[in-house]
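Chain and residue survey
For reference, the chains in residue letters:
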Amino acid sequence: MNYSLFSFVLFSTLLRASSAFSRSSVRRRSSSVASTPTSLNSVPSLIVFDLDNTLWTPELYQLRKLARNNQLPVAHKDVKLFPAAKEMIKEMKKDEKYANTKFAVASRTKSVDWAHDLLSQFELREWLDYIEIFPGDKKQHFNNLKRNSGIDFGEMLFFDDARDGKYGNCEPVSALGVLSVHCPNGIYEETIWTNAMSKYKEWSAHKTPGTIVEWDGSVTTLKPTNPNERFRGNVKFINREKRFGFIQYGGRSTKDMFFHFNDLPYGDDINEGDELSFTVATTRNGKDAAANIEISKSDTAESDLVNMHVFSMNLPFAALLSNEYKTLETRNG
């Protein structure tokens with residue numbers, strides 16, 4: 001073999017080795033990229049905001065003077081967006097990171113017309129993909145959002161100023177599987193929503209239901225409810241025509257529990273004031289309702305009793321008076 005032929009063979013061998021090494025490196029890099037968890041979403045698919053005391057202030061029910069005068073509230077005068085909320089909206093509008101994110105509002109306000117009008121005044125309608133404004137149950141809002149958007153609860157992020165209790169929203173919505181952010185003073189500073197985005201990225205790895213980002217940035221996971229747990233309460237209201245009612249139970253902050261006559265024991269009648277025991281179930285429209293109802297005590301059980309006057313033996317004149325031995329005129333006789 002001459003020198004030129006030897007050089008050609010050596011060059012070809014080195015070229016093939018270099019090519020094989022490059023292909024191996026590409027495979028290793030591709031494998032490394034493929035192994036990155038895909039469940040860690042940097043941003044939610046749907047971000048939902050409450051209105052009163054979350055995006056804007058004050059709460060609309062507080063504008064009683066305008067209501068009495070039949071006047072509409074004026075944006076930036078009677079109602080103002082929180083400064084950080086304004087910056088958040090501007091940021092999300094222009095940031096490509098949110099290009100595929102949908103936005104919605106969900107409000108239980110009774111001032112429905114006012115809320116819709118203010119969204120137009122604040123020029124927020126064009127930014128919003130879904131609007132749910134009606135009194136009632138926040139879970140109904142979210143069931144509507146899920147149905148209309150096709151987005152699962154685990155892909156949503158929710159901001160609200162009311163955490164729990166009778167008028168709370170974060171707790172029931174988080175139980176659906178939506179990461180909820182409690183902001184009792186509204187979105188008044190940038191760290192509220194930037195921290196929420198960071199927490200969502202961490203949470204998306206496990207998506208544990210009942211998770212709430214608290215006002216101080218900490219994260220709380222609610223204890224799962226036991227579907228067999230029984231509660232006790234008293235019938236507060238009945239509509240016999242429509243065959244439903246409400247049970248008052250728990251503390252003052254506990255929301256009254258709805259029940260339908262179909263869930264009462266067969267053949268049993270029920271009256272306001274009756275004591276019941278029950279479990280809590282979720283209806284087809286996503287609301288909580290009493291189930292497995294048992295009537296513990298009925299006011300009608302005492303309907304056969306006769307009311308009579310009772311007098312103490314320390315008052316002999318009262319006894320004589322009741323038995324007609326004395327009259328008021330002979331009291332001193």
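Residues numbered from 1 in each chain as written. Predicted model: local features only at pLDDT ≥ 70, side-chain atom pairs only at ≥ 80, totals over all residues. Heavy atoms only, no water.

**Quick notes on the sheet that holds strand 6 (residues 156-160)**
We count it as follows: We call two strands paired when DSSP finds no fewer than two bridges between them. For helices the rule is a DSSP run of H or I covering at least 4 residues; for strands it is a run of E covering at least 2, with both sets numbered from the N terminus onward. Axis definition: a line fitted to C-alpha atoms, over the contacting stretch in the case of helices. Angles run 0 to 180 degrees between N-to-C directions. What makes two residues a contact is simply this: any of their non-hydrogen atoms within 4.5 Å.
Strand order across the open sheet formed by seven strands is 5-4-1-6-7-8-9, with mixed pairing between neighbours. The sheet terminates laterally at strand 5 (130-133) and strand 9 (219-221), the two strands that pair on one side only. Averaged over all pairs of adjacent strands, the angle between their axes in this sheet comes to 20 degrees, without regard to strand direction. Most of the contacts of helix 4 (residues 112-121) go to strand 5, to which it runs at about 155 degrees, and overall it touches strand 4 (102-107) and strand 5. Each of strand 1 (46-49), strand 6, strand 7 (179-182), strand 8 (211-213) and strand 9 touches helix 7 (residues 190-203); the most contacted strand, strand 6, lies at about 145 degrees to it.

**Observations regarding the side chain of threonine 279**
As a reminder of what qualifies: N or O atoms closer than or at 3.5 Å make up a polar contact, with two conditions inside protein: a donor-capable atom paired with an acceptor-capable one, and, for residues adjacent in sequence, both atoms drawn from side chains.
Here threonine 279 is to be found in strand 13 (residues 275-282). Of the polar contacts made by the side chain of threonine 279, one reaches the side chain of asparagine 292; its length is 2.9 Å. If sequence neighbours within four positions are ignored, threonine 279 has contacts with Pro227, Asn228, Glu229, Arg230, Ala289, Ala290, Ala291 and Asn292.

**Side note on the confidence of the model for the protein**
Cut-off, in case you're wondering: What pLDDT reports is the predictor's confidence in each residue, on a scale of 0 through 100.
When pLDDT is averaged along the protein, the result is 82, and 75% of the positions lie at 70 or above. In this model, residues 20-40 is a region of pLDDT below 50 whose contacts with residues beyond four sequence positions or in other chains number six contacts.

**Examining the nonpolar core**
Inclusion rule: What is meant by a nonpolar core is a set of buried Ala, Val, Leu, Ile, Met, Phe, Trp, Tyr and Cys residues, joined one to another through side-chain atoms within 4.5 Å. Relative accessibility under 20% of the residue-type maximum defines a buried residue, over 50% an exposed one, and the middle range a partly exposed one, all with a 1.4 Å probe and only protein chains included.
Counting 43 residues, the largest nonpolar core has Phe49, Trp56, Met92, Phe159 and Ile187 as the members making the most contacts within it. Looking at this core, the elements with two or more residues in it are strand 1, helix 3 (83-94), strand 4, helix 4, strand 6, strand 7 and helix 7. If you tally residues by element for this core, the top one is helix 7, at six residues. Those residues in contact with phenylalanine 159, other than ones at most four positions away along the chain, are Ile47, Val48, Phe49, Asp50, Thr54, Val181, Cys183, Ile187, Ile192, Trp193 and Ala196.

**Describing the packing of aromatic side chains**
Just so we agree on the cut-off: The aromatic pairing rule takes the rings of Phe, Tyr and Trp, using the six-membered ring of Trp, and pairs them if the centres are within 6.5 Å, calling planes under 30 degrees apart stacked, those over 60 edge-to-face and the rest tilted. Think of it as a cone above the ring: NZ of Lys or CZ of Arg counts as a charge over the ring if it is within 6 Å of the ring centre and within 35 degrees of the ring normal.
The final tally for this structure, using the stated rule, is 14 aromatic pairs. Arranged with centres 5.7 Å apart and planes meeting at 65 degrees, the rings of phenylalanine 231 and tyrosine 249 form a pair that is edge-to-face. With phenylalanine 231 in strand 10 (residues 231-239) and tyrosine 249 in strand 11 (residues 244-249), this residue pair connects regions lying 18 residues apart in the sequence. Residue class for phenylalanine 231 comes out partly exposed when judged on its relative accessible area of 25%. When its relative accessible area of 15% is taken as the criterion, tyrosine 249 is described as buried. By way of ring pairs, the aromatic residues Phe49, Phe103, Trp127 and Phe159 are connected into one cluster. Against the face of phenylalanine 153 rests lysine 146, its NZ or CZ located 4.7 Å from the ring centre.

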